[in-house]
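Overview (structure and organization)
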Amino acid sequence: MLLAGEPDHARAVAGDLYGGLLDAPFRMIVAESVPGPRGTAGGGDRLGVLAETVEAAAARSGEAVLVVPEGERLVALAADGGAAVAACTDWAAELEAARALPEHAAADEDDIVVGLSAPAGPIAAAAAYKQAEQSLSVARRRGRVLVEHERLAAGSVLPLLADDAVKAFADGLLRALHEHDATGRGDLVASLRAWLSRHGQWDAAAADLGVHRHTLRYRMRRVEEILGRSLDDPDVRMELWLALKATSAE
């Protein structure tokens, strides 16, 4: 079943249509074209192919599917574990493999990214759409064709720290500490890392650094003074730890 309209319309009617279309948990698929080699979005043709692939697979297996195209974007609902979702992931895998071929780099071809939600029920259509959007965003940043939301939850947040915006935030947050250390007046960055890795245990962190715990306490006070933040705040400790992880990955 093909329903032309806006993505907003798809989200609005998904819950109502679910009861008549799908008798099992569904997946939300959001696909979008991305700028091609000449700087323009040209994934329209592949969006059409994806829509045809999903609909054909559903028709062959007798599944119901809702596909909503809108220019350079596509939203679809398909039964979880069904042929339509499998056809989508297989199609994306083939496209991913084609990207690795030497001739792909020189080809003036359109491109596409796809986000796939976790399984959801009729009352969770809005949440499924958000999951698919999040997966789409990750696929775009990682240069992947398709990303599944379930795989994100099963993985690690650390690869996301490679994002340029995160690195810029980390550099800005830690800059004053690095500038202090550059003067030779103390190793605050290493001390902060050791203290956070030991969950604020003074003796253990001091032993890791080979300094007295009173020295470490003094250094942590200097960290608070320089940053203007309290290490008693768990949000501050979280941000500092992620900033340290982001910069150490460079």
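Coordinates for the structure precede this section.
Residues numbered from 1 in each chain as written. Predicted model: local features only at pLDDT ≥ 70, side-chain atom pairs only at ≥ 80, totals over all residues. Heavy atoms only, no water.

A few points about the packing of helix H8 (residues 188-197) against helix H9 (residues 202-209)
Two elements in contact, H8 and H9, have axes whose closest approach is 8 Å; the angle formed by their N-to-C orientations is 135°. By the angle class used here, H8 and H9 are oblique. Here H8 and H9 pass one another in a crossing that is right-handed. From H8, Ala190, Ser191, Ala194 and Trp195 reach across to H9, where they touch Trp202, Ala205 and Leu209. Taken together, the residues that form the contact of H8 with H9 break down as six nonpolar, one polar and no charged. (Axes fitted to C-alpha atoms, helices over the stretch in contact; angles between N-to-C directions. Helix = DSSP H or I, 4+ residues; strand = E, 2+ residues; numbered from the N terminus. Parallel < 35°, antiparallel > 145°, perpendicular 65-115°, else oblique. Left-handed = near helix turned anticlockwise from the far one by under 90°. Contact = heavy atoms within 4.5 Å. Nonpolar A, V, L, I, M, F, W, Y, C, P; charged D, E, K, R; others polar.)

Quick look at the side chain of Ser135
Residue placement: Ser135 occurs in helix H5 (residues 125-142). Residue classification places Ser135 among the buried positions, given a relative accessible area of 0%. Non-local contacts of Ser135, meaning those with residues more than four positions away in its chain, are made with Gly115, Leu116, Val147, Glu148, His149 and Leu152. (Buried < 20%, exposed > 50% of the residue type's maximum accessible area, 1.4 Å probe, protein only.)

Points about the packing of H8 against helix H11 (residues 234-248)
Helix packing geometry: the angle between the two helix axes and the distance between the axes. H11 packs onto H8 with a crossing angle of 120° between their chain directions and a minimal axis gap of 10 Å. Regarding the angle of H8 to H11, the classification is oblique. Relative to H11, the crossing made by H8 is left-handed. Seen from H8, the contacting residues are Val189, Leu192, Arg193, Trp195, Leu196 and Ser197; seen from H11, they are Arg237, Leu240, Trp241, Leu244 and Ser248. In terms of residue class, the contact of H8 with H11 is made up of seven nonpolar, two polar and two charged.

A look at the nonpolar core
Ranked by size, the top nonpolar core spans 23 residues in total, and within it Ala31, Leu50, Leu74, Cys88, Ile112 and Val114 carry the most contacts. Broken down by secondary-structure element, the contributors of at least two residues to this core are strand E1 (26-34), helix H2 (44-61), strand E2 (65-70), strand E3 (73-79), helix H3 (83-99) and strand E4 (111-116). For this core, the element with the highest residue contribution is H3, accounting for six residues. Cys88 has contacts with Ile29, Leu50, Val54, Val114 and Leu146, leaving out every residue within four places of it along the chain. By size, the runner-up hydrophobic cluster in this structure holds 21 residues, among which are Val189, Leu196, Leu216 and Val236. (Core = buried A, V, L, I, M, F, W, Y, C linked by side-chain atoms within 4.5 Å.)

Overview of the sheet that holds E3
Reading across the sheet, the five strands line up as E2-E3-E1-E4-E5 and stay open at both edges, with mixed pairing between neighbours. If you trace the sheet from one side to the other, it starts and ends with E2 and strand E5 (146-148), each paired once. Going across the sheet, the axis of each strand differs from the next one's by a mean of 15°, ignoring polarity. Docked against the sheet, H5 engages E1, E3, E4 and E5, running at close to 40° with respect to E1. (Pairing = 2+ DSSP bridges.)

Remarks on H11
Along its 15 residues, H11 runs 21 Å from first to last C-alpha, staying within 8% of the 21 Å computed at 1.5 Å per residue. All of the buried residues along H11 are Val236, Leu240, Ala243, Leu244, Ala246 and Thr247. Each buried residue of H11 lies within a common arc of 165° when the element is viewed along its axis, so the set occupies one face. Its side-chain oxygen 2.8 Å from the backbone nitrogen of Asp235, Asp233 forms the N-cap of H11. (Expected span 1.5 Å × (residues − 1). Arc of directions from axis to C-beta. Polar contact = N/O pair within 3.5 Å; in protein donor to acceptor, adjacent residues only side chain to side chain.)

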